[in-house]
Amino acid sequence: MIVKLLLDRKRAGEELSPKEIRKLVRAYTRGEVPDYQMAAFAMAVCCRGMSPAETLALTESMRDSGTCLDWTGIVSVPTADKHSTGGVGDKLSLVVQPLAAACGLAVPSLTGRGLGLTGGTADKMESIPGYVAGLSLADYRKVVADCGCSLTVQTAEIAPADRKLYALRDVTGTVPSIPLIVASILSKKLAEGAGTLVFDVKCGAGAFMKTRSEAAGLARALVAGAQGAGRQACALVTSMDEPLGFAVGNANEVQEALDVLRGASRAHDVADLSVELAARMVALGLGLPVEAARARCRERLADGSALRRFARMVALHGGRLDAFEAAVADFRRNGPAREVRAGRAGWVARIDANGVAEAAFALGAGRAKASDAIDPMAGVDLAVTRGDRVEAGAVIARVAAADAARLEAAAERVRAAVELADERPAPRPAVFEEVR
Ligand code: URA
(Lines give C-alpha, C1' and ligand atoms only; values in the text may rest on other atoms or scores of the structure.)
Protein backbone atom coordinates (compact mmCIF):
# COMPACT_ATOMS: atom_id res chain seq x y z
CA MET A 1 0.00 0.00 0.00
CA ILE A 2 1.41 3.37 -0.99
CA VAL A 3 -0.22 5.81 1.42
CA LYS A 4 0.63 8.87 -0.68
CA LEU A 5 -1.40 7.45 -3.59
CA LEU A 6 -4.39 6.81 -1.29
CA LEU A 7 -4.13 10.41 -0.09
CA ASP A 8 -4.00 11.71 -3.67
CA ARG A 9 -7.15 9.76 -4.53
CA LYS A 10 -9.03 10.77 -1.38
CA ARG A 11 -8.08 14.43 -1.93
CA ALA A 12 -9.47 14.18 -5.47
CA GLY A 13 -12.80 12.90 -4.07
CA GLU A 14 -12.43 9.25 -5.11
CA GLU A 15 -14.00 6.50 -3.03
CA LEU A 16 -11.49 4.17 -1.37
CA SER A 17 -12.28 0.46 -1.10
CA PRO A 18 -13.04 -1.12 2.31
CA LYS A 19 -9.87 -3.19 1.88
CA GLU A 20 -7.74 -0.06 1.40
CA ILE A 21 -9.24 1.59 4.48
CA ARG A 22 -8.74 -1.52 6.59
CA LYS A 23 -5.08 -1.73 5.54
CA LEU A 24 -4.54 1.95 6.30
CA VAL A 25 -6.04 1.70 9.80
CA ARG A 26 -4.16 -1.50 10.59
CA ALA A 27 -0.85 0.02 9.47
CA TYR A 28 -1.53 3.25 11.40
CA THR A 29 -2.36 1.34 14.60
CA ARG A 30 0.91 -0.63 14.28
CA GLY A 31 2.87 2.63 13.89
CA GLU A 32 3.74 1.97 10.24
CA VAL A 33 1.94 5.09 8.94
CA PRO A 34 3.23 8.36 10.40
CA ASP A 35 0.92 10.87 12.08
CA TYR A 36 1.45 13.45 9.31
CA GLN A 37 0.03 11.10 6.69
CA MET A 38 -2.91 10.10 8.90
CA ALA A 39 -3.59 13.78 9.63
CA ALA A 40 -3.64 14.45 5.87
CA PHE A 41 -6.09 11.56 5.48
CA ALA A 42 -8.35 12.98 8.22
CA MET A 43 -8.27 16.42 6.58
CA ALA A 44 -9.10 14.91 3.16
CA VAL A 45 -12.10 13.16 4.78
CA CYS A 46 -13.18 16.43 6.39
CA CYS A 47 -13.13 18.14 2.98
CA ARG A 48 -14.39 15.31 0.77
CA GLY A 49 -16.57 13.24 3.13
CA MET A 50 -16.95 9.47 2.99
CA SER A 51 -19.45 7.13 1.38
CA PRO A 52 -21.49 4.88 3.74
CA ALA A 53 -19.29 1.94 2.69
CA GLU A 54 -16.10 3.87 3.51
CA THR A 55 -17.50 4.99 6.88
CA LEU A 56 -18.47 1.42 7.75
CA ALA A 57 -15.02 0.13 6.80
CA LEU A 58 -13.35 2.82 8.94
CA THR A 59 -15.69 2.06 11.86
CA GLU A 60 -15.18 -1.69 11.70
CA SER A 61 -11.43 -1.49 11.31
CA MET A 62 -11.14 0.86 14.32
CA ARG A 63 -13.42 -1.47 16.31
CA ASP A 64 -11.24 -4.44 15.36
CA SER A 65 -8.02 -2.66 16.37
CA GLY A 66 -8.60 -3.85 19.96
CA THR A 67 -10.70 -6.17 22.10
CA CYS A 68 -14.32 -6.78 21.10
CA LEU A 69 -16.47 -7.98 23.96
CA ASP A 70 -18.78 -10.95 23.57
CA TRP A 71 -21.49 -11.39 26.22
CA THR A 72 -22.55 -14.87 25.15
CA GLY A 73 -22.50 -17.16 28.18
CA ILE A 74 -21.90 -14.22 30.55
CA VAL A 75 -25.41 -12.75 30.57
CA SER A 76 -28.61 -14.57 29.65
CA VAL A 77 -30.66 -11.53 28.56
CA PRO A 78 -30.33 -9.24 25.51
CA THR A 79 -27.69 -6.51 25.70
CA ALA A 80 -28.25 -2.81 24.97
CA ASP A 81 -26.54 0.50 25.61
CA LYS A 82 -27.22 4.22 25.27
CA HIS A 83 -24.72 6.76 23.99
CA SER A 84 -25.08 10.49 24.47
CA THR A 85 -23.14 13.01 22.41
CA GLY A 86 -22.86 14.95 25.65
CA GLY A 87 -24.40 17.96 27.26
CA VAL A 88 -24.50 20.13 30.36
CA GLY A 89 -25.96 18.41 33.44
CA ASP A 90 -26.20 15.17 31.45
CA LYS A 91 -26.44 12.58 34.22
CA LEU A 92 -28.88 10.42 32.24
CA SER A 93 -26.61 7.33 32.12
CA LEU A 94 -26.90 7.08 35.91
CA VAL A 95 -30.66 6.64 35.54
CA VAL A 96 -31.04 5.02 32.09
CA GLN A 97 -28.53 2.19 32.53
CA PRO A 98 -29.94 0.77 35.82
CA LEU A 99 -33.48 1.42 34.60
CA ALA A 100 -32.95 -0.59 31.41
CA ALA A 101 -31.29 -3.33 33.50
CA ALA A 102 -34.30 -3.37 35.84
CA CYS A 103 -36.51 -3.87 32.77
CA GLY A 104 -34.70 -7.06 31.74
CA LEU A 105 -31.66 -6.01 29.70
CA ALA A 106 -27.92 -6.26 30.38
CA VAL A 107 -26.29 -2.87 29.83
CA PRO A 108 -22.54 -3.00 29.26
CA SER A 109 -21.58 0.65 29.28
CA LEU A 110 -18.02 1.81 28.91
CA THR A 111 -17.88 5.47 29.72
CA GLY A 112 -15.46 8.39 29.73
CA ARG A 113 -13.76 10.95 31.87
CA GLY A 114 -14.49 14.54 30.95
CA LEU A 115 -12.08 16.86 29.20
CA GLY A 116 -13.47 20.37 28.99
CA LEU A 117 -16.11 22.28 30.88
CA THR A 118 -17.68 19.49 32.94
CA GLY A 119 -16.80 16.03 34.23
CA GLY A 120 -17.67 12.83 32.36
CA THR A 121 -19.81 9.99 33.72
CA ALA A 122 -16.76 8.29 35.26
CA ASP A 123 -15.80 11.51 37.08
CA LYS A 124 -19.33 11.84 38.42
CA MET A 125 -19.36 8.24 39.67
CA GLU A 126 -15.95 8.69 41.29
CA SER A 127 -17.40 11.41 43.51
CA ILE A 128 -18.93 8.47 45.43
CA PRO A 129 -16.38 7.47 48.13
CA GLY A 130 -14.71 4.16 47.23
CA TYR A 131 -16.21 3.90 43.71
CA VAL A 132 -13.67 2.44 41.29
CA ALA A 133 -14.54 3.43 37.71
CA GLY A 134 -11.36 1.91 36.27
CA LEU A 135 -12.26 -1.79 36.47
CA SER A 136 -10.39 -4.41 34.46
CA LEU A 137 -12.47 -5.94 31.66
CA ALA A 138 -12.68 -9.17 33.73
CA ASP A 139 -14.18 -7.33 36.73
CA TYR A 140 -16.42 -5.28 34.46
CA ARG A 141 -17.87 -8.52 33.02
CA LYS A 142 -18.53 -9.79 36.57
CA VAL A 143 -20.38 -6.61 37.57
CA VAL A 144 -22.59 -6.68 34.44
CA ALA A 145 -23.29 -10.39 34.99
CA ASP A 146 -24.28 -9.70 38.62
CA CYS A 147 -26.49 -6.61 38.41
CA GLY A 148 -27.08 -6.03 34.70
CA CYS A 149 -25.14 -2.77 34.39
CA SER A 150 -21.79 -1.15 35.09
CA LEU A 151 -20.44 2.35 34.57
CA THR A 152 -16.78 1.59 33.93
CA VAL A 153 -14.21 3.80 32.24
CA GLN A 154 -13.22 2.64 28.79
CA THR A 155 -10.03 0.57 28.99
CA ALA A 156 -6.98 0.86 26.73
CA GLU A 157 -7.89 -2.46 25.06
CA ILE A 158 -11.02 -0.95 23.43
CA ALA A 159 -10.56 0.60 19.94
CA PRO A 160 -6.93 1.77 20.35
CA ALA A 161 -6.94 3.05 16.74
CA ASP A 162 -9.67 5.52 17.69
CA ARG A 163 -7.72 6.75 20.71
CA LYS A 164 -4.69 7.41 18.49
CA LEU A 165 -6.66 8.99 15.66
CA TYR A 166 -8.85 11.11 17.97
CA ALA A 167 -5.75 12.62 19.66
CA LEU A 168 -4.45 13.52 16.20
CA ARG A 169 -7.79 14.99 15.05
CA ASP A 170 -7.96 17.05 18.22
CA VAL A 171 -4.79 18.96 17.27
CA THR A 172 -5.24 19.11 13.49
CA GLY A 173 -8.69 20.72 13.19
CA THR A 174 -10.25 17.48 11.97
CA VAL A 175 -12.81 16.71 14.71
CA PRO A 176 -15.89 18.19 12.97
CA SER A 177 -16.49 15.60 10.24
CA ILE A 178 -19.61 13.41 10.38
CA PRO A 179 -17.93 10.22 9.03
CA LEU A 180 -14.97 10.61 11.42
CA ILE A 181 -17.26 11.30 14.39
CA VAL A 182 -19.49 8.35 13.49
CA ALA A 183 -16.54 5.97 13.10
CA SER A 184 -15.05 7.21 16.38
CA ILE A 185 -18.22 6.86 18.45
CA LEU A 186 -19.38 3.62 16.83
CA SER A 187 -16.04 1.81 16.91
CA LYS A 188 -16.06 2.07 20.72
CA LYS A 189 -19.75 1.27 21.13
CA LEU A 190 -19.57 -1.72 18.77
CA ALA A 191 -16.55 -3.07 20.65
CA GLU A 192 -18.64 -3.11 23.85
CA GLY A 193 -20.71 -5.81 22.20
CA ALA A 194 -24.25 -4.56 22.96
CA GLY A 195 -26.86 -5.86 20.51
CA THR A 196 -28.95 -2.67 20.64
CA LEU A 197 -27.67 0.90 20.58
CA VAL A 198 -29.75 3.98 21.34
CA PHE A 199 -28.21 7.38 20.64
CA ASP A 200 -29.12 10.60 22.41
CA VAL A 201 -27.92 13.24 19.95
CA LYS A 202 -28.08 16.59 21.65
CA CYS A 203 -28.42 19.91 19.91
CA GLY A 204 -28.28 23.48 21.11
CA ALA A 205 -26.03 25.94 22.92
CA GLY A 206 -24.60 23.36 25.35
CA ALA A 207 -24.03 20.62 22.75
CA PHE A 208 -21.42 19.60 20.23
CA MET A 209 -24.07 19.97 17.47
CA LYS A 210 -25.54 23.47 17.56
CA THR A 211 -28.40 23.10 15.08
CA ARG A 212 -31.22 20.61 14.61
CA SER A 213 -30.19 19.81 11.05
CA GLU A 214 -26.57 19.04 12.10
CA ALA A 215 -27.81 16.90 14.99
CA ALA A 216 -30.33 15.05 12.81
CA GLY A 217 -27.57 14.39 10.23
CA LEU A 218 -25.33 12.88 12.91
CA ALA A 219 -28.27 10.86 14.31
CA ARG A 220 -29.05 9.40 10.88
CA ALA A 221 -25.41 8.55 10.26
CA LEU A 222 -25.01 6.87 13.68
CA VAL A 223 -28.16 4.79 13.24
CA ALA A 224 -27.24 3.78 9.67
CA GLY A 225 -23.69 2.90 10.78
CA ALA A 226 -24.86 0.81 13.73
CA GLN A 227 -27.44 -0.99 11.59
CA GLY A 228 -24.82 -1.52 8.87
CA ALA A 229 -22.68 -3.23 11.50
CA GLY A 230 -25.55 -5.57 12.40
CA ARG A 231 -26.97 -3.87 15.50
CA GLN A 232 -30.49 -2.70 16.25
CA ALA A 233 -30.38 1.06 16.62
CA CYS A 234 -32.37 4.25 16.91
CA ALA A 235 -31.66 7.83 17.96
CA LEU A 236 -33.47 10.67 19.65
CA VAL A 237 -32.50 14.24 18.75
CA THR A 238 -32.92 16.14 22.02
CA SER A 239 -32.65 19.70 23.25
CA MET A 240 -29.49 20.98 24.95
CA ASP A 241 -30.19 24.69 25.04
CA GLU A 242 -30.79 24.53 28.79
CA PRO A 243 -28.90 22.27 31.23
CA LEU A 244 -30.57 18.95 32.04
CA GLY A 245 -32.05 19.05 35.52
CA PHE A 246 -30.91 21.56 38.14
CA ALA A 247 -27.47 20.21 39.08
CA VAL A 248 -24.32 20.81 37.03
CA GLY A 249 -21.10 19.43 38.50
CA ASN A 250 -20.18 15.97 39.72
CA ALA A 251 -21.39 14.97 43.22
CA ASN A 252 -24.46 17.18 42.91
CA GLU A 253 -25.37 15.46 39.62
CA VAL A 254 -25.05 12.02 41.22
CA GLN A 255 -27.28 13.21 44.07
CA GLU A 256 -29.83 14.49 41.54
CA ALA A 257 -29.77 11.17 39.65
CA LEU A 258 -30.30 9.31 42.96
CA ASP A 259 -33.25 11.57 43.75
CA VAL A 260 -34.73 10.87 40.29
CA LEU A 261 -34.31 7.12 40.90
CA ARG A 262 -36.17 7.59 44.20
CA GLY A 263 -38.96 9.59 42.52
CA ALA A 264 -38.02 12.49 44.80
CA SER A 265 -36.68 15.05 42.35
CA ARG A 266 -38.08 18.16 40.69
CA ALA A 267 -35.90 17.35 37.66
CA HIS A 268 -38.79 16.00 35.59
CA ASP A 269 -36.83 16.54 32.37
CA VAL A 270 -34.18 14.08 33.61
CA ALA A 271 -36.80 11.48 34.58
CA ASP A 272 -38.83 11.89 31.38
CA LEU A 273 -35.89 11.75 28.98
CA SER A 274 -34.39 8.80 30.88
CA VAL A 275 -37.67 6.93 30.42
CA GLU A 276 -37.80 7.80 26.70
CA LEU A 277 -34.26 6.53 26.11
CA ALA A 278 -34.60 3.42 28.27
CA ALA A 279 -37.95 2.67 26.56
CA ARG A 280 -36.20 2.63 23.14
CA MET A 281 -33.55 0.23 24.50
CA VAL A 282 -36.24 -2.03 25.98
CA ALA A 283 -38.45 -1.84 22.87
CA LEU A 284 -35.65 -2.82 20.49
CA GLY A 285 -33.85 -5.18 22.86
CA LEU A 286 -36.91 -7.13 24.02
CA GLY A 287 -39.05 -6.70 20.89
CA LEU A 288 -41.86 -4.72 22.57
CA PRO A 289 -43.94 -1.84 21.22
CA VAL A 290 -42.53 1.49 22.50
CA GLU A 291 -45.75 2.17 24.48
CA ALA A 292 -45.40 -1.09 26.42
CA ALA A 293 -41.68 -0.50 26.95
CA ARG A 294 -42.37 3.01 28.26
CA ALA A 295 -45.00 1.67 30.68
CA ARG A 296 -42.54 -0.94 31.95
CA CYS A 297 -39.84 1.72 32.46
CA ARG A 298 -42.23 3.98 34.39
CA GLU A 299 -43.24 1.05 36.58
CA ARG A 300 -39.62 -0.01 37.32
CA LEU A 301 -38.69 3.56 38.15
CA ALA A 302 -41.67 4.00 40.47
CA ASP A 303 -41.32 0.68 42.30
CA GLY A 304 -37.65 1.24 43.22
CA SER A 305 -36.22 -1.57 41.03
CA ALA A 306 -34.01 0.85 39.07
CA LEU A 307 -32.76 2.42 42.33
CA ARG A 308 -31.88 -1.03 43.70
CA ARG A 309 -29.91 -1.85 40.51
CA PHE A 310 -28.02 1.42 40.83
CA ALA A 311 -27.23 0.81 44.51
CA ARG A 312 -26.06 -2.75 43.76
CA MET A 313 -23.85 -1.52 40.90
CA VAL A 314 -22.28 1.15 43.13
CA ALA A 315 -21.57 -1.43 45.86
CA LEU A 316 -19.99 -3.84 43.34
CA HIS A 317 -17.70 -1.00 42.22
CA GLY A 318 -16.66 -0.46 45.85
CA GLY A 319 -18.73 2.71 46.34
CA ARG A 320 -20.45 3.68 49.59
CA LEU A 321 -23.71 5.49 48.90
CA ASP A 322 -24.48 6.27 52.57
CA ALA A 323 -21.11 7.97 53.02
CA PHE A 324 -21.69 9.83 49.74
CA GLU A 325 -25.07 11.22 50.74
CA ALA A 326 -23.78 12.21 54.18
CA ALA A 327 -20.81 14.03 52.57
CA VAL A 328 -23.04 15.86 50.08
CA ALA A 329 -25.44 16.94 52.84
CA ASP A 330 -22.54 18.08 55.03
CA PHE A 331 -20.95 20.07 52.17
CA ARG A 332 -24.30 21.69 51.39
CA ARG A 333 -24.58 22.83 55.03
CA ASN A 334 -20.99 23.81 55.65
CA GLY A 335 -19.06 24.10 52.37
CA PRO A 336 -18.15 27.42 50.72
CA ALA A 337 -21.07 28.59 48.56
CA ARG A 338 -22.80 31.72 47.20
CA GLU A 339 -26.42 32.29 46.34
CA VAL A 340 -27.21 33.90 43.00
CA ARG A 341 -30.21 36.24 43.06
CA ALA A 342 -32.41 37.61 40.29
CA GLY A 343 -31.69 41.25 39.44
CA ARG A 344 -35.33 41.82 38.41
CA ALA A 345 -38.70 40.11 38.34
CA GLY A 346 -39.65 38.14 35.23
CA TRP A 347 -40.04 34.80 33.50
CA VAL A 348 -37.04 32.54 33.04
CA ALA A 349 -36.84 32.68 29.24
CA ARG A 350 -33.55 30.84 28.75
CA ILE A 351 -30.74 29.36 30.81
CA ASP A 352 -27.64 29.38 28.64
CA ALA A 353 -26.27 25.85 29.09
CA ASN A 354 -22.82 26.90 27.96
CA GLY A 355 -22.69 29.77 30.45
CA VAL A 356 -23.64 27.43 33.30
CA ALA A 357 -20.99 24.94 32.15
CA GLU A 358 -18.36 27.70 32.10
CA ALA A 359 -19.33 28.60 35.68
CA ALA A 360 -19.04 24.93 36.75
CA PHE A 361 -15.61 24.78 35.10
CA ALA A 362 -14.49 27.97 36.87
CA LEU A 363 -15.57 26.35 40.16
CA GLY A 364 -13.35 23.30 39.48
CA ALA A 365 -15.90 20.78 38.20
CA GLY A 366 -14.07 20.11 34.91
CA ARG A 367 -10.49 19.73 33.71
CA ALA A 368 -8.52 21.55 31.00
CA LYS A 369 -6.03 18.69 30.52
CA ALA A 370 -6.17 15.01 31.35
CA SER A 371 -3.82 15.33 34.36
CA ASP A 372 -5.90 18.08 36.09
CA ALA A 373 -7.77 17.16 39.28
CA ILE A 374 -11.53 17.72 39.60
CA ASP A 375 -13.18 19.14 42.73
CA PRO A 376 -16.06 16.61 43.10
CA MET A 377 -18.15 18.94 45.27
CA ALA A 378 -17.80 21.97 42.97
CA GLY A 379 -20.83 22.85 40.90
CA VAL A 380 -23.89 24.89 40.15
CA ASP A 381 -27.33 24.10 41.60
CA LEU A 382 -29.99 25.98 39.70
CA ALA A 383 -33.11 26.86 41.67
CA VAL A 384 -35.20 27.67 38.60
CA THR A 385 -35.95 26.22 35.21
CA ARG A 386 -37.12 27.66 31.89
CA GLY A 387 -40.70 28.90 32.20
CA ASP A 388 -40.54 29.67 35.96
CA ARG A 389 -41.69 33.06 37.30
CA VAL A 390 -39.23 34.78 39.68
CA GLU A 391 -39.42 37.92 41.78
CA ALA A 392 -36.59 40.46 42.09
CA GLY A 393 -34.05 39.25 44.66
CA ALA A 394 -35.22 35.62 44.58
CA VAL A 395 -32.53 32.93 44.69
CA ILE A 396 -32.08 31.55 41.17
CA ALA A 397 -29.00 29.39 41.80
CA ARG A 398 -26.29 28.43 44.24
CA VAL A 399 -22.64 27.92 43.35
CA ALA A 400 -20.28 25.87 45.53
CA ALA A 401 -16.61 24.89 45.51
CA ALA A 402 -13.97 23.76 47.95
CA ASP A 403 -11.98 26.87 46.93
CA ALA A 404 -14.03 29.90 48.09
CA ALA A 405 -11.96 32.27 45.90
CA ARG A 406 -13.69 30.80 42.83
CA LEU A 407 -17.24 31.59 43.91
CA GLU A 408 -17.73 35.24 43.01
CA ALA A 409 -16.81 35.03 39.32
CA ALA A 410 -18.81 31.83 38.89
CA ALA A 411 -21.88 33.40 40.52
CA GLU A 412 -21.64 36.31 38.06
CA ARG A 413 -21.40 33.88 35.13
CA VAL A 414 -24.53 32.03 36.30
CA ARG A 415 -26.43 35.29 36.84
CA ALA A 416 -25.65 36.26 33.21
CA ALA A 417 -26.70 32.81 31.98
CA VAL A 418 -30.21 33.03 33.42
CA GLU A 419 -32.18 35.30 31.09
CA LEU A 420 -35.32 36.93 32.48
CA ALA A 421 -38.05 38.33 30.23
CA ASP A 422 -41.47 39.93 30.56
CA GLU A 423 -43.14 37.24 28.47
CA ARG A 424 -43.55 33.63 29.50
CA PRO A 425 -41.56 31.47 26.99
CA ALA A 426 -43.47 29.08 24.76
CA PRO A 427 -43.11 25.41 25.80
CA ARG A 428 -40.48 23.47 23.85
CA PRO A 429 -40.35 19.69 23.35
CA ALA A 430 -37.43 17.83 24.94
CA VAL A 431 -37.31 15.37 22.03
CA PHE A 432 -37.21 17.00 18.59
CA GLU A 433 -37.29 13.85 16.51
CA GLU A 434 -36.67 10.15 16.43
CA VAL A 435 -34.46 8.46 13.84
CA ARG A 436 -34.87 4.72 13.23
N1 URA B 1 -16.92 11.83 20.54
C2 URA B 1 -16.13 10.82 20.11
O3 URA B 1 -15.98 9.80 20.78
N4 URA B 1 -15.51 10.96 18.92
C5 URA B 1 -15.64 12.06 18.15
O6 URA B 1 -15.06 12.10 17.09
C7 URA B 1 -16.45 13.10 18.61
C8 URA B 1 -17.11 12.96 19.81
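Residues numbered from 1 in each chain as written. Predicted model: local features only at pLDDT ≥ 70, side-chain atom pairs only at ≥ 80, totals over all residues. Heavy atoms only, no water.

## Re the pairing of strand 9 (residues 379-382)
Of the two faces of strand 9, both are covered, the one formed by G379 and D381 as well as the one formed by V380 and L382. In the sheet, strand 6 (residues 247-249) pairs with strand 9 via three bridges, with the strands oriented antiparallel. The residue of strand 9 that forms the bridge with A247 is D381. Here strand 9 runs beside strand 11 (residues 395-400); their pairing, made up of four bridges, is antiparallel. Paired with D381 across the bridge in strand 11 is R398. (Buried < 20%, exposed > 50% of the residue type's maximum accessible area, 1.4 Å probe, protein only. Helix = DSSP H or I, 4+ residues; strand = E, 2+ residues; numbered from the N terminus. Pairing = 2+ DSSP bridges.)

## Structural notes on a positive patch on the surface
A cluster of basic side chains, namely K19, R22, K23 and R26, defines a positive patch on the protein surface. Here K19 shows up in helix 2 (residues 18-29). (Patch = residues over 30% accessible without salt bridge, like charges linked within 9 Å, V, L, I, M, F, W, Y side chains within 5 Å. Areas by Shrake-Rupley, 256 points an atom, 1.4 Å probe, with all protein chains shown as cover. Salt bridge = Lys/Arg side-chain N within 4 Å of Asp/Glu carboxyl O. Lys, Arg positive; Asp, Glu negative; His and termini not counted. Charge placed at Lys NZ, Arg CZ, Asp CG, Glu CD.)

## A closer look at helix 8 (residues 160-170)
Turning to helix 8, its buried residues are A161, D162, L165, L168 and R169. The buried residues of helix 8 all sit within an arc of 130° when viewed along its axis, so they share a single face. Contacts from the buried residues of helix 8 go to helix 2, helix 3 (35-48), helix 4 (52-63) and helix 9 (178-192). (Arc of directions from axis to C-beta. Contact = heavy atoms within 4.5 Å.)

## With respect to the site of the ligand
Close to the ligand lie Y166, R169, I181, S184, I185, K188 and F208. Here S184 contributes a side-chain N or O atom positioned 2.6 Å from a nitrogen atom of the ligand. Contact distances for the ligand include 2.5 Å between an oxygen atom and a side-chain N or O atom of K188. In isolation the ligand offers 240 Å² of accessible surface; the protein chains occlude 81% of this area. Residue assignment for the shell around the ligand shows that the elements contributing at least two residues are helix 8 and helix 9. At four residues, helix 9 tops the list of elements feeding residues into the shell around the ligand. Class assignment of the residues belonging to the shell around the ligand gives a composition of four nonpolar, one polar and two charged. (Near = heavy atom within 4 Å. Polar contact = N/O pair within 3.5 Å; in protein donor to acceptor, adjacent residues only side chain to side chain. Nonpolar A, V, L, I, M, F, W, Y, C, P; charged D, E, K, R; others polar.)

## Examining the pattern of salt bridges
The final tally for this structure, using the stated rule, is 40 salt bridges. Note that D64 and R63 form a salt bridge whose closest N and O atoms lie 2.8 Å from each other. Under the relative-accessibility criterion, D64 is labelled partly exposed at 46%. E391 is paired through a salt bridge with R389; the nearest N and O atoms lie 3.8 Å apart.

## Quick notes on the pairing of strand 12 (residues 418-421)
Side chains V418 and L420 project from strand 12 onto a buried face, and the interleaved E419 and A421 project onto a face without burial. Pairing of strand 8 (residues 346-351) with strand 12, which is carried by four bridges, proceeds in the antiparallel orientation. The residue of strand 12 that forms the bridge with V348 is L420.

## As for the nonpolar core
In terms of nonpolar packing, the biggest core is built from 98 residues, with M125, F310, M313, V380, V414 and V418 touching the most fellow members. A per-element tally of this core places helix 12 (residues 268-286) first, with 10 residues. Contact partners of F310, with chain neighbours within four places excluded, come to L94, P98, M125, L258, L261 and L321. Among the nonpolar cores identified, the runner-up in size contains 24 residues, and L6, A57, L58 and A183 belong to it. (Core = buried A, V, L, I, M, F, W, Y, C linked by side-chain atoms within 4.5 Å.)

## Some words on the packing of aromatic side chains
Aromatic rings considered in pairs are described by the distance between their centres and by the relative angle of their planes. In this structure the tally under the stated criterion is one aromatic pair. For the pair W71 and Y140, a centre-to-centre distance of 5.7 Å together with 75° between the ring planes defines the contact as edge-to-face. Here W71, found in the loop between helix 4 and strand 1 (80-84), pairs with Y140, found in helix 7 (residues 137-147); they are 69 residues apart in sequence, far enough to count as distant. For W71, a relative accessible area of 5% gives the class buried. Across the ring face of Y28, the terminal group of K164 is positioned such that the distance to the ring centre comes to 4.3 Å. The aromatic ring of F246 is capped on one face by R266, whose charged end is 4.0 Å from the ring centroid. (Phe/Tyr/Trp six-rings, centres within 6.5 Å; stacked < 30°, edge-to-face > 60°. Lys NZ or Arg CZ within 6 Å of the ring centre and 35° of its normal.)

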